[in-house]
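Take a look at the letters that make up each chain.
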Amino acid sequence: MSTAYPHPRSLVGTIGVVEGTAALRGGIMIELDGVTKVYGNGEVQVRALGPVDLLIEEGDLVAIMGPSGSGKSTMMNILGCLDVPSGGRYTLDGVDVSKLRDNKLAAIRNTRIGFVFQSFNLISRTSAVRNVELPLIYAGDKSRRRERALAALERVGLGERAGHMPNELSGGQQQRVAVARALVTNPAIILADEPTGNLDTTSTVEVMRLLVELNDAGRTVVLITHEPEVAEFAKRVIELRDGQIVRDVRQKQLVAS
Amino acid sequence: MIWEVTRIALRGLRANKLRSALTTLGIIIGVSAVILLTALGNGIQAGFNEQFGSLNTQITVTPTEGAVPGGGQARDLTENDMEALLNPRDAPDVATVTPIVGGAALLQVGGDQYRTSVTGTTADYLSITDRELTAGRAFDEQEVRTNAKVVVLGPNPVNELFGGNPTAALNQEIRIGSAVFRVIGTVEATGQQDDVAIMPVGAARSYLTGGDDELDTIIVRARSAEAVTPAADQITAILSERHNIRDTAKRDFDVQALQQQIQEATQFLSFLTLFTAAVAGISLIVGSIGVANIMLVTVTERTREIGIRKAIGARPRVILLQFMLESIFLSGMGGLIGIALGVGLSLTGAAILPQLIPDFPAPAVDPSSIVLAFTISLIIGLIAGGYPAHRASRLRPIEALRYQ
């Protein structure tokens, strides 16, 4: 796998390896308790996930890995409150979200989760800053909205591109706008689903460095990837196979300093 | 949040300018057609009222022709009968009475001859029958009292004897029967009773029709449209009394009001207006189906966008609002432009049509049709957008995000 993709170590000049588990604050951000997801009904039922127990601490940077069909997308959908588990309990930042309805789930996604998707998922024909503003609009948050959106764009190094349309930005830039949009509401966790899947190696490192920086600043980041090179940025790697956790290790984090 | 969602909706429409414009066009055509056709219908109704409205209060009294049922002696209508109808105590609802005696006579100017009907009447005949003068004047009460030999010609005698030139006829001496009359006026063509020579009632009797004080017709005008029925009853009572008639079957006169026919015609015209508006309404329905169609396409096309919006926290209600607003803007804009176009066309038509086509009734815009058209266009937006917007709001984010 790694031969198909240049190793990030060879791409970034100043890279070192440090102890990964250094400074977790110890609070529990995500708690999965016997969570399952079953698709289909009646005779043909496919269990895509679980039962899974999982604790993710506040301030952690976790990579969830696994081949396609391993259940990682299902895991991502449940963690992101885009889908509800068929069984078990999911507590996010102290709130049991496993039984919530659409409206409540939307509010949770809006305020507690920041999404970064593989295909960027910016709204087309809408400028970068307006894309970043959207979660604040949907939160009904009027206070200094434009200012905060611009600050988030500054944070990802795209302050001068605020007025650009998505199709005027490179893939890496679009993904950084997506990161800005993910962090503008100050969410409890950032959930990145194959965030580098559509990026070249330079942009991959840029985006990963951004996520590591956000994590260093104390934000919980959950990363879903099938690329070991990307997983090396994480402090903890969880591997799924056939809907079950088969490996869960803390590792020395690859950092871009 | 409504304001931001409104801006999002507007941006959505701007993203597909041509498509939005074409969809709006359907509503524009529908709304302007409704307004224009209603305006045309109103114009025709108003024209009808102007032309025939005066007949609404008119009652015609005529003697029964031939034998009276029951075999009694039929009596003529007389000047005295007419005077009796003017008694305010017995006939409080009668406003005016106008006598008419009729006959036929040969008109001669130089070597030209023309046979026409003669109407002998009083000074207010022309105003009561709504005949406009094309030249000269009507005879006055003085001329009626003195049986003056003056005549007002209808269009047919003017055509036959004076080459259709009303001014050429004025002040000409004309032999009618055995007497020589002076032409003092001519009247316009109405399509009815164009073949006529109108003169003072006494002159007609003295020189043409003969007779003492018999009348062929009494035209009565009621005080108001509501007074027509009581006036007719009063007339019947007075004449029955004067003619000593106890049995209604043995009456020797007819009392006829045109009111009912006029009202039926008016009602018929308003049905016709309603019908044309309904036909235009069909195009409005077609236009609204266009809106519904485009909204469905839009929602399908933008499934992924909907997924993104939901993922970052848009509640179903907000998505519903966004697409409802898009639909309402499409139809509302169409409504506004359609109103402008419909009113503009109606006003242009009112300015131009009567000049191009004589007597064409000018379209009259009904303000209520504007309000109705705009309300309907907004309702169209709500209904046509409702299902697509509901579908958008119910999309599951994971499926919407997976959509390519």
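The text that follows walks through the structure, step by step, so that each part is easy to find. Since the model is a prediction, treat every value here as computed from it, not as a measurement.

Thoughts on the overall build of chain A
What chain A contains, in helices and strands, is seven helices and 12 strands. Counting only residues that meet the buried cut, chain A has 54% of its 257 residues in that class. In chain A, once contacts between residues fewer than 6 apart in sequence are set aside, the share between residues at least 24 apart is 71%. Working note: accessible area of chain A is about 10,800 Å², and carbon and sulfur atoms make up 47% of it.

Considering the overall build of chain B
On a plain count of helices and strands, chain B comes out with 14 helices and 12 strands. What you see for chain B is a C-alpha radius of gyration of 34 Å, clearly larger than the 22 Å of a compact globule of 404 residues, by over 25%. C-alpha atoms of chain B, sized along the principal axes, occupy 105 × 55 × 30 Å. Relative to its full complement of 404 residues, chain B shows a buried share of 46%. Counting only contacts in chain B whose residues sit at least 6 apart along the sequence, the fraction spanning at least 24 positions is 79%. Positive and negative charge centroids in chain B, built from 31 and 38 side chains respectively, lie 23 Å apart.

Some points on the sheet that holds strand β7 (residues 113-116) of chain A
Residue and element names in this part refer to chain A. In spatial order, the strands read β7-β8-β9-β4-β10-β11; together these six strands make up an open sheet with mixed pairing. If you trace the sheet from one side to the other, it starts and ends with β7 and β11 (244-250), each paired once. Across the sheet, the axes of successive neighbouring strands diverge by a mean angle of 15°, strand direction being ignored. Here six bridges tie strand β10 (residues 236-241) to β11, and the two strands are oriented antiparallel to one another. Bridged to I238 within β11 is D248.

So, the pattern of salt bridges
On inspection of all chains with the given rule, the structure shows 27 salt bridges over all chains. The partner of A:D102 in a salt bridge is B:R394, with the nearest N and O atoms 3.4 Å apart. Of this pair, A:D102 sits in helix α2 (residues 102-112) while B:R394 sits in helix α13 (residues 367-394), on two different chains. For A:D102, a relative accessible area of 43% puts it in the partly exposed group.

Re the interface of chain A and chain B
With 25 residues of chain A at the interface, the matching set in chain B holds 25 residues. Summed over both sides, the interface between chain A and chain B buries roughly 2,300 Å², with carbon and sulfur atoms accounting for 57% of that surface. The interface formed by chain A and chain B includes three salt bridges. One can count seven residue pairs in polar contact (both at pLDDT 80 or more) joining chain A with chain B. Mapped by element, the contributors of at least two residues to the side of chain A that touches chain B are α2 and α3 (128-138) of chain A. Of the residues belonging to the side of chain A that touches chain B, the class tally is 10 nonpolar, seven polar and eight charged.

A word on helix α1 (residues 2-14) of chain B
In an α-helix, one turn spans 3.6 residues, which is why side chains three or four residues apart end up on the same side. Look at α1(B): 18 Å from first C-alpha to last across 13 residues, which is about the 18 Å you get at 1.5 Å a residue. Buried within α1(B) are the following residues: B:E4, B:V5, B:T6, B:I8, B:A9, B:R11, B:G12 and B:L13. Elements that come into contact with the buried residues of α1(B) comprise α3 and α4 (145-155) of chain A together with α2 (17-52), α11 (303-311) and α12 (316-356) of chain B.

Let's talk about the pairing of strand β4 (residues 112-121) of chain B
Residue and element names in this part refer to chain B. Bridge count for strand β3 (residues 94-109) against β4 is nine bridges, and the pairing is antiparallel. For L107, the partnering residue across the bridge sits in β4 and is Y114. The antiparallel pairing of β3 with β4 creates a hairpin that spans two residues between the two strands, and G110 there sits at a positive phi of about 60°. With five bridges connecting them, β4 and strand β9 (residues 196-200) associate as parallel partners. Within the sheet, the bridge partner assigned to T119 lies in β9 and is I198.

What to know about the nonpolar core
With 70 residues, the main nonpolar core has A:I30, A:L32, A:I64, A:M75, A:L79, A:Y90 and A:L92 as its most contacted residues. If one sorts the elements of this core by residue count, α12(B) sits on top with eight residues. Among the nonpolar cores identified, the runner-up in size contains 58 residues, and B:V101, B:V144, B:V201 and B:L215 belong to it.

Some thoughts on the side chain of A:D193
Of note, A:D193 is situated in strand β8 (residues 189-193). A:K72 provides the closest opposite charge to the buried, salt-bridge-free A:D193, at an N-O distance of 7.1 Å.

Thoughts on the environment of B:P316
Looking at the secondary structure, you find B:P316 in helix α12. Separated by 72 residues in sequence, B:P316 and B:N244 have C-alpha atoms that sit 87 Å apart. Apart from residues lying up to four places away in sequence, B:P316 is in contact with A:D102, A:N103, B:S393 and B:R394.

So, the packing of α11(B) against α12(B)
All names here are of chain B. Axis separation between α11 and α12 bottoms out at 10 Å; the angle between their running directions is 140°. Between α11 and α12, the crossing angle belongs to the class labelled oblique. For the crossing formed where α11 meets α12, the hand is right-handed. Touching E305, I306, R309 and K310 of α11 are I319, Q322 and F323, all from α12. Broken down by class, the residue content of the contact of α11 with α12 amounts to three nonpolar, one polar and three charged.

Some details on the sheet that holds strand β5 (residues 87-92) of chain A
Residues and elements named next belong to chain A. Here we have four strands laid out as an open sheet, ordered β3-β2-β5-β6, and antiparallel in their pairing. The open sheet terminates on both sides in strands that have one partner only, identified here as β3 (46-57) and β6 (95-96). The pairing of strand β2 (residues 28-39) with β3 spans eight bridges and is antiparallel. Directly across from V35, in β3, lies its bridge partner V52. Strands β2, β3 and β5 of the sheet are contacted by helix α1 (residues 72-79), whose axis makes an angle of about 125° with β2.

Details of the packing of helix α10 (residues 259-301) of chain B against α12(B)
When two helices pack together, their arrangement is captured by the angle between the axes and the distance separating the axes. Residues and elements named next belong to chain B. Running from amino to carboxyl end, α10 crosses α12 at an angle of 145°, the nearest separation of the two axes being 10 Å. The way α10 lies across α12 gives a crossing that is right-handed. For the pair formed by α10 and α12, the contact residues are V291, I294, M295, T298 and V299 on the first element and F323, E326, S327 and L330 on the second. Residues that form the contact of α10 with α12 fall into these classes: six nonpolar, two polar and one charged.

Regarding unusual backbone geometry
Residues and elements named next belong to chain A. A positive phi angle, close to 55°, is found at N121, a residue other than glycine. Backbone geometry places R144, a non-glycine residue, at a positive phi of 45°. Within the fold, R144 resides in the loop between α3 and α4. With a relative accessible area of 53%, R144 lands in the exposed category.

Description of the packing of aromatic side chains
All names here are of chain A. Going through the model one piece at a time under the given rule, you end up with two aromatic pairs over all chains. Pairing F115 with F117 gives two aromatic rings, centres 5.4 Å apart and planes at 5°, and the pair type is stacked. Residue class for F115 comes out buried when judged on its relative accessible area of 2%. For F117, a relative accessible area of 6% corresponds to the buried category.

Conventions we followed
- Residues numbered from 1 in each chain as written.
- Chains lettered and ligands numbered in written order.
- Predicted model: local features only at pLDDT ≥ 70, side-chain atom pairs only at ≥ 80, totals over all residues.
- Heavy atoms only, no water.
- Helix = DSSP H or I, 4+ residues; strand = E, 2+ residues; numbered from the N terminus.
- Buried < 20%, exposed > 50% of the residue type's maximum accessible area, 1.4 Å probe, protein only.
- Contact = heavy atoms within 4.5 Å.
- Areas by Shrake-Rupley, 256 points an atom, 1.4 Å probe, with all protein chains shown as cover.
- Rg over C-alpha atoms; globule rule 2.2 N^0.38 Å.
- Lys, Arg positive; Asp, Glu negative; His and termini not counted.
- Charge placed at Lys NZ, Arg CZ, Asp CG, Glu CD.
- Pairing = 2+ DSSP bridges.
- Axes fitted to C-alpha atoms, helices over the stretch in contact; angles between N-to-C directions.
- Salt bridge = Lys/Arg side-chain N within 4 Å of Asp/Glu carboxyl O.
- Buried area = accessible area lost by both parts, 1.4 Å probe.
- Polar contact = N/O pair within 3.5 Å; in protein donor to acceptor, adjacent residues only side chain to side chain.
- Nonpolar A, V, L, I, M, F, W, Y, C, P; charged D, E, K, R; others polar.
- Expected span 1.5 Å × (residues − 1).
- Core = buried A, V, L, I, M, F, W, Y, C linked by side-chain atoms within 4.5 Å.
- Parallel < 35°, antiparallel > 145°, perpendicular 65-115°, else oblique.
- Left-handed = near helix turned anticlockwise from the far one by under 90°.
- Phe/Tyr/Trp six-rings, centres within 6.5 Å; stacked < 30°, edge-to-face > 60°.

Take it as geometry only, folks, not as evidence of what the structure does.
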